[in-house]
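# Close look at the chain arrangement
The lines below spell out each chain.
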Amino acid sequence: MKKVITSNNKLDTINLGKSLGSILSIGDVVTLTGDLGAGKTTLVSGVAKSLKIKDTIQSPTFNILKCYFDGKIPLYHIDAYRLEEVNKDIGLEEYIEGNGVAFIEWPIFIKELLNIPHLEIEIKNKGNDKREIILKSNDKHYVEIIRRLK
Ligand SMILES: Nc1ncnc2c1ncn2[C@@H]1O[C@H](COP(=O)(O)OP(=O)(O)OP(=O)(O)O)[C@@H](O)[C@H]1O
Ligand SMILES: [Mg+2]
């Protein structure tokens, strides 16, 4: 299943994140791909809003993992970019399919951990504020989530 959603501005992307956050449940895994500044973190900030997380969501690039525990369910925001050339065995599997929802930027660098059902989101910059947001999964649970998203 694949769905393409057009975002015309930052708020559209935040709102999509909000809808997604209201549908996700504990253990869900979402990967985010797209160029620098595509809007990956912006989408996660919408998810955080719907989970009633008050902390500001920032790109975890220098942290690899950021955990937010002050919402309805834990949110784990992983940025695997810095794991490109190092030992990836740092225990991230505890957070992926763990006791919260996991969002993973640069999933390509930890693909050995992602041999599990998950929702793939790709964000393409179409110029100015326009983005094409592509949601994909073959897994029944995530196909249902994609169906429910507007
Ligand atoms: N339609 C849109 N959706 C999301 N962000 C948008 C949109 N239009 C413009 N923007 C701007 O694009 C930027 C997206 O930044 P964001 O940090 O979310 O990107 P990112 O994909 O996480 O980048 P990085 O790879 O650097 O972490 C923000 O400055 C935001 O205001
Ligand atoms: Mg980011």
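Now for a look at the structure at hand. Here the structure is a predicted model, which means the values were calculated and not measured.

Another point: the pattern of salt bridges. Applying the stated criterion across every chain, the model contains 1 salt bridge. In this structure, the salt-bridge partner of Lys126 is Glu132, at a minimum N-O distance of 3.9 Å. For Glu132, a relative accessible area of 23% puts it in the partly exposed group.

A few words now on the packing of aromatic side chains. Ring pairs (aromatic) are described by centroid distance and by the angle formed between their planes. The full count for this structure, using the stated rule, is 5 aromatic pairs. Ring geometry for Tyr81 against Phe109: centres 6.1 Å apart, planes inclined by 70°, an arrangement best described as edge-to-face. Of this pair, Tyr81 sits in the loop between β4 (75–79) and β5 (101–105) while Phe109 sits in the loop between β5 and β6 (119–125), and the two are 28 residues apart along the sequence. Residue classification places Phe109 among the buried positions, given a relative accessible area of 15%. Judged by centre distance (6.0 Å) and plane angle (15°), the rings of Trp106 and Phe109 are stacked. By relative accessible area, Trp106 is classed as partly exposed at 28%. Site record: aromatic cluster; members linked through ring pairs are Phe69, Tyr76 and Tyr95.

Quick look at the site of ligand 1 now. Around ligand 1 sit 16 residues in total, of which Thr13, Lys40, Thr41, Thr42 and Asp129 are the nearest. Side-chain polar atom of Arg131 to an oxygen atom of ligand 1: 3.3 Å apart, as the coordinates give it. Burial of ligand 1 by the protein amounts to 76% of the accessible area it has alone, namely 650 Å². Taken atom by atom, the bulk of ligand 1 overlaps the largest pocket. Among the elements of the structure, α1 (10–23) and α2 (40–50) are those that each provide at least two residues to the shell around ligand 1. The element that contributes the greatest number of residues to the shell around ligand 1 is α2, accounting for 3 residues.

So, about the sheet that holds strand β1 (residues 2–7). One key point about sheets: their strands pair by backbone hydrogen bonds, in either a parallel or an antiparallel sense. Spatial ordering of the open sheet is given by β1-β7-β6-β2-β5-β4-β3, a layout of 7 strands whose pairing is mixed. Both outer strands of the open sheet, β1 and β3 (65–68), are each paired with one neighbouring strand and no more. Between one strand and the next, the sheet's axes are offset by a mean angle of 20°, whatever the strand orientation. Inspection of the sheet shows β6 paired to strand β7 (residues 131–136) by 6 bridges, in the antiparallel sense.

Basis of the calculations
Residues numbered from 1 in each chain as written. Chains lettered and ligands numbered in written order. Predicted model: local features only at pLDDT ≥ 70, side-chain atom pairs only at ≥ 80, totals over all residues. Heavy atoms only, no water. Salt bridge = Lys/Arg side-chain N within 4 Å of Asp/Glu carboxyl O. Buried < 20%, exposed > 50% of the residue type's maximum accessible area, 1.4 Å probe, protein only. Phe/Tyr/Trp six-rings, centres within 6.5 Å; stacked < 30°, edge-to-face > 60°. Helix = DSSP H or I, 4+ residues; strand = E, 2+ residues; numbered from the N terminus. Near = heavy atom within 4 Å. Polar contact = N/O pair within 3.5 Å; in protein donor to acceptor, adjacent residues only side chain to side chain. Areas by Shrake-Rupley, 256 points an atom, 1.4 Å probe, with all protein chains shown as cover. 1 Å grid on protein atoms, 1.4 Å probe; cavity = no way out; pocket = protein on both sides within 12 Å on 5 of 7 lines; lining within 4 Å. Sits in = over half its atoms within 2 Å of the grid points. Pairing = 2+ DSSP bridges. Axes fitted to C-alpha atoms, helices over the stretch in contact; angles between N-to-C directions.

Note that every value here comes from positions in space, so none of it alone points to a role or purpose.
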